[in-house]
Amino acid sequence: MPPSLPARVVLGCGNFGGIGSAPEFFGRGESPEEAFAIMDAAWEAGITWFDTADAYGGGRSETAIGEWIRARRPDGLRITTKTFNPMGTGEDHGLAPARVRRQLDSSLRRLGVERVDLYLAHEWDPDVPVAEVAGVLEELRAAGKIGAYGLSNVDGPQLREALAAGSFAAVQNSYSLLDREAEREVLPLCAEHGLWFQAFSPLAGGWLTGKYRRDVHPQEGSRMAMRPEPYAHYCNEHVFDALEELERRGEPATLAIAWLLADPNVSVVVGPRRPEHLKPALDALAAPLSAEDRDALAALF
Ligand SMILES: NC(=O)c1ccc[n+]([C@@H]2O[C@H](COP(=O)([O-])OP(=O)(O)OC[C@H]3O[C@@H](n4cnc5c(N)ncnc54)[C@H](OP(=O)(O)O)[C@@H]3O)[C@@H](O)[C@H]2O)c1
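Residues numbered from 1 in each chain as written. Predicted model: local features only at pLDDT ≥ 70, side-chain atom pairs only at ≥ 80, totals over all residues.

### Some remarks on the site of the ligand
Residues in close proximity to the ligand total 29 residues, the closest being G12, G14, G206, S222 and G271. Partitioning the shell around the ligand into residue classes produces 10 nonpolar, 15 polar and four charged. (Near = placed C-beta within 6 Å. Nonpolar A, V, L, I, M, F, W, Y, C, P; charged D, E, K, R; others polar.)

This is the structure in structure tokens:
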């Protein structure tokens, strides 16, 4: 991880005003008041890097962060935002340079800041050559509107192509005990090229908290009740067996985050829905796992 990008735990703000970028949930996530309570608790705990995206909650996530910044004037707050997904049903998407320029300006307006520290291409755009994407991101960096730029949701070949085209500094991909794909190519490439790797969905959308049980219907309002598609494949005996064993070894969410943090090349983007949800990440930071314990947990899954 480059020394200029230091956070091990980043506050994910994808639950503010929606569930990520899915238009059907815009306006149904954490309210501005709930978001304020989470940001206050994170800031007080020393979490100083916040992660959002233009499309989270259809702009509501960035707006809530902007209001919090105006109210609290936090000294030293650092921000990641992203673009790719449509801001609403039927609106445009992608990484065409004119769109990226427009979307960054709209993000800066919602956040009420002149610059973000990290700007990510939220998805790979098959319709825009990555050299063009790098070109516009480089232009925005030279203009002082972003500190650094990176990619999200990329595979190994895409990352290699991007590295040949521009100075991408970070990758944000799904990574957890239940989703090990990043280990194959992306994590090694990040380590080799000195890119900051950020793991999103560190609890596999809540699965690694142990909240989902064999033969028990998901609780109302939970991720599995509201937006189960990305996680439906976890619903099997092998996963339930591993989760039960994880619980026998300790508090599962804490172990799952400690497992990620035990790799010095990995930072974690947590997704709390209330202030208490920060506890596993804070406990994990305070009690690092040994390499031996890390391997033992990996072997469960
Ligand atoms: N780049 C991308 O494409 C991308 C994609 C996804 C996320 N992200 C970023 O990464 C962040 C985290 O992702 P994620 O929300 O999927 O992370 P996650 O931690 O895997 O899942 C979050 C969900 O887990 C549950 N949860 C979290 N902490 C808990 C705790 N301590 N105890 C009990 N349940 C807990 C909540 O579930 P319930 O809702 O069921 O209560 C919450 O909505 C997002 O906010 C966003 O900033 C980026």
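### Quick look at the packing of helix α5 (residues 156–165) against helix α6 (residues 186–193)
Following both chains from N to C, one finds α5 and α6 inclined at 25°, their axes separated by 9 Å at the closest point. Taken together, the axes of α5 and α6 are roughly parallel relative to one another. The element α5 and its partner α6 pack so that their crossing is right-handed. Across from G156, L159, R160 and L163 in α5, the residues of α6 making contact are V186, L189 and H193. For the contact of α5 with α6, the class distribution of residues is four nonpolar, two polar and one charged. (Axes fitted to C-alpha atoms, helices over the stretch in contact; angles between N-to-C directions. Helix = DSSP H or I, 4+ residues; strand = E, 2+ residues; numbered from the N terminus. Parallel < 35°, antiparallel > 145°, perpendicular 65-115°, else oblique. Left-handed = near helix turned anticlockwise from the far one by under 90°. Contact = placed C-beta atoms within 7 Å.)

### Let's talk about the pairing of strand β7 (residues 196–200)
Most of β7 is tucked away: five of the five residues are buried. The alternating pattern of β7 places W196, Q198 and F200 on one face and F197 and A199 on the opposite face, and all of these are buried. Sheet topology note: the strand β6 (residues 170–174)/β7 ladder contains five bridges and is parallel. Looking across to β7, one finds that Q172 is bridged to Q198. Remark: the β6/α6/β7 crossover connection has right-handed handedness. Two strands pair when backbone bridges link them, and β7 and strand β8 (residues 266–270) are joined in this way by three bridges, in the parallel orientation. When the sheet's bridge partners are listed, F197 is paired in β8 with V266. (Buried ≥ 20, exposed ≤ 12 C-beta atoms within 10 Å, placed from the backbone. Pairing = 2+ DSSP bridges. Right-handed = clockwise from strand over helix to strand, strands pointing away.)

### Concerning the packing of helix α2 (residues 60–72) against helix α3 (residues 97–111)
Running from N to C, α2 and α3 cross one another at 45°; their axes reach a closest spacing of 7 Å. Relative to α3, the element α2 lies oblique. Residues E62, T63, I65, G66 and I69 of α2 touch α3, and the partners they reach there are S107, R110 and L111. Residues that form the contact of α2 with α3 fall into these classes: three nonpolar, three polar and two charged.

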